[in-house]
Amino acid sequence: MEEKLKIAVQKSGRLHDGSISLLKECGIRIDNGRDQLIAPARDFPVEVLFLRNSDIPQYLEDGVADMAILGENVVIEKQKQVEVVEKLGFSRCRLSLAVPKNTEYTGPEWFKNRKLATSYPNTLEKYLEENNIKAEIHEISGSVEIAPNIGLADGICDLVSSGSTLFKNNLKEVEVMLRSEAALVKGPDLNREKVAIADELLFRLRSVMASRNNKYILLNAPNEKIDDICNVLPGMKSPTIMPLAMEGWSSLHSVISEKDFWAVIGKLKENGAQGILVIPIEKMVV
Ligand code: PRT
C-alpha cells in the first residue's frame with residue numbers, strides 16, 4: 001500500500017481556515033474536512049487529520065500524525081519532541097504579560113510574589129525563572145483576561161493580537177514574552193517514504209509563500225533612466241529589459257517583495273517610470 005503522510009490541522013478555530021487554504025494552494029485538496037477526523041487528499045499522498053490544536057504536539061510525538069500546522073506558541077508550551085520546519089506567516093500573535101491599566105508598572109520585578117493567570121504555565125514558568133522572579137501561577141483554560149477583574153490574579157499571561165481584548169478588560173500589555181505564527185511542524189519519526197513526501201510538501205509550501213510575499217512588476221521608462229531604475233528594483237536576478245515600439249523607451253519586468261512595495265513604487269516614479277503594473281504571482285518556484 002502506498003505510504004501516506006499524515007498532516008494534522010486544527011479542527012476548528014483560528015488556524016483552521018489558513019491551514020486548509022495553504023494546503024489547497026499546494027495542490028492538496030480534501031473533501032468536506034470539517035465533519036471528519038481524517039480526510040485523504042486528492043492527487044497527493046497525504047491524509048489530513050482534524051484535531052484540537054492543543055492536542056497536536058502529543059499526537060506528533062506519538063506518531064499518530066507525522067506533521068502539523070500549529071502555532072509556535074503551542075509547540076513551545078507543550079515541550080514535546082517536535083520540530084518547527086517552516087514558519088508560515090499567518091496567525092501572528094504574541095504571548096504577553098498584562099496588568100490592570102492603572103498599575104504603576106516598574107518592570108518584570110513587579111510580578112514578584114504576585115498571582116498570574118494563564119493557559120501557558122510552562123512558558124510562563126520558564127520566563128519567570130529566566131528573570132529570577134518568584135510568582136504564583138494559576139492555570140486556567142479560557143477567558144484568562146477576566147482573572148484580574150474577579151480578583152483571581154494580579155496580572156495575566158495570554159496571547160495578544162490586536163490588543164482589543166486587553167483594552168476591553170482594562171488591562172495593559174507590559175512585557176512581550178514571545179512572538180508566534182503558524183508553522184509547519186514535524187514529529188520525531190518519519191520513515192524514508194514520508195520524508196520524501198514531506199520534502200515535496202515543503203518545496204510546494206515555499207513556492208506558495210514566495211508567491212504570496214512577492215509581486216510581479218512591469219513598467220515603461222526612457223532608456224536613459226534604466227540604470228537608475230535598475231538600482232531601485234531589487235529583482236530576483238536582474239530585471240528583464242525589452243525595447244518598446246516607441247523609440248528611446250523600454251519595458252522593464254521584475255519581481256518585488258510585498259514589504260518593499262510602496263517604498264519601491266515611490267522611487268520608481270521619482271526616477272521616471274511610467275505605466276507601472278503590479279501583478280500577483282500565482283506560484284513562484286524557489
Ligand atoms: O481548541 P484548540 O485546542 O483547537 O485551540 P485553541 O482554543 O487554543 O485555539 P484558538 O483557535 O483560539 O487559537 C489557535 C491559535 O491561533 C493559537 O494557538 C495561536 O497560535 C493563534 N492565535 C493568533 C491566537 C490569537 N492570535 C489570539 N488573539 N490565539 C488566541 N488568541 C486569543 C487570545 O487568547 C485572547 O483571548 O484572542 C484574544 C486576544 O486577541 P486580541 O485580538 O483581542 O488581542
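If you're wondering where the values come from, they're calculated on a predicted model, not measured in any experiment. (Residues numbered from 1 in each chain as written. Predicted model: local features only at pLDDT ≥ 70, side-chain atom pairs only at ≥ 80, totals over all residues. Heavy atoms only, no water.)

Colleague: Honestly, the site of the ligand in this entry has me stumped. Any pointers?
Modeller: Every one of the 21 residues lining the ligand counts as a neighbour, but Ser54, Asn73, Ser162, Gly163 and Thr165 are closest to it. In this structure, an oxygen atom belonging to the ligand sits 2.6 Å away from a side-chain N or O atom of Asn73. Protein contact buries 80% of the 840 Å² of open area that the ligand shows by itself. Of all the elements in the fold, those that place two or more residues in the shell around the ligand are helix H3 (72-78), strand E10 (155-160) and helix H5 (164-168). Per-element tally for the shell around the ligand: the top contributor is E10, with three residues. Looking at which domains feed residues into the shell around the ligand, each of domain 1 (5-90 + 181-211) and domain 2 (93-180) gives three or more. (Near = heavy atom within 4 Å. Polar contact = N/O pair within 3.5 Å; in protein donor to acceptor, adjacent residues only side chain to side chain. Areas by Shrake-Rupley, 256 points an atom, 1.4 Å probe, with all protein chains shown as cover. Helix = DSSP H or I, 4+ residues; strand = E, 2+ residues; numbered from the N terminus. Domains from an automatic or database assignment.)

Colleague: Hey, could you run me through the packing of aromatic side chains in this one?
Modeller: A ring pair, where both rings are aromatic, is described by two values, the distance of the centres and the angle of the planes. Applying the stated criterion to the full structure yields four aromatic pairs. Here Phe261 and Trp262 contribute two aromatic rings whose centre-to-centre distance is 4.7 Å and whose plane-to-plane angle is 80°, an arrangement assigned as edge-to-face. Under the relative-accessibility criterion, Phe261 is labelled buried at 13%. The class for Trp262 is exposed, based on a relative accessible area of 68%. In this structure an aromatic cluster arises from ring pairing among Tyr105, Trp110 and Phe111. The side chain of Lys101 reaches across the aromatic face of Phe167, ending 4.4 Å from its centre. Cation over ring: Arg114 sits above Trp110, and NZ or CZ is 3.9 Å from the ring centre. (Phe/Tyr/Trp six-rings, centres within 6.5 Å; stacked < 30°, edge-to-face > 60°. Buried < 20%, exposed > 50% of the residue type's maximum accessible area, 1.4 Å probe, protein only. Lys NZ or Arg CZ within 6 Å of the ring centre and 35° of its normal.)

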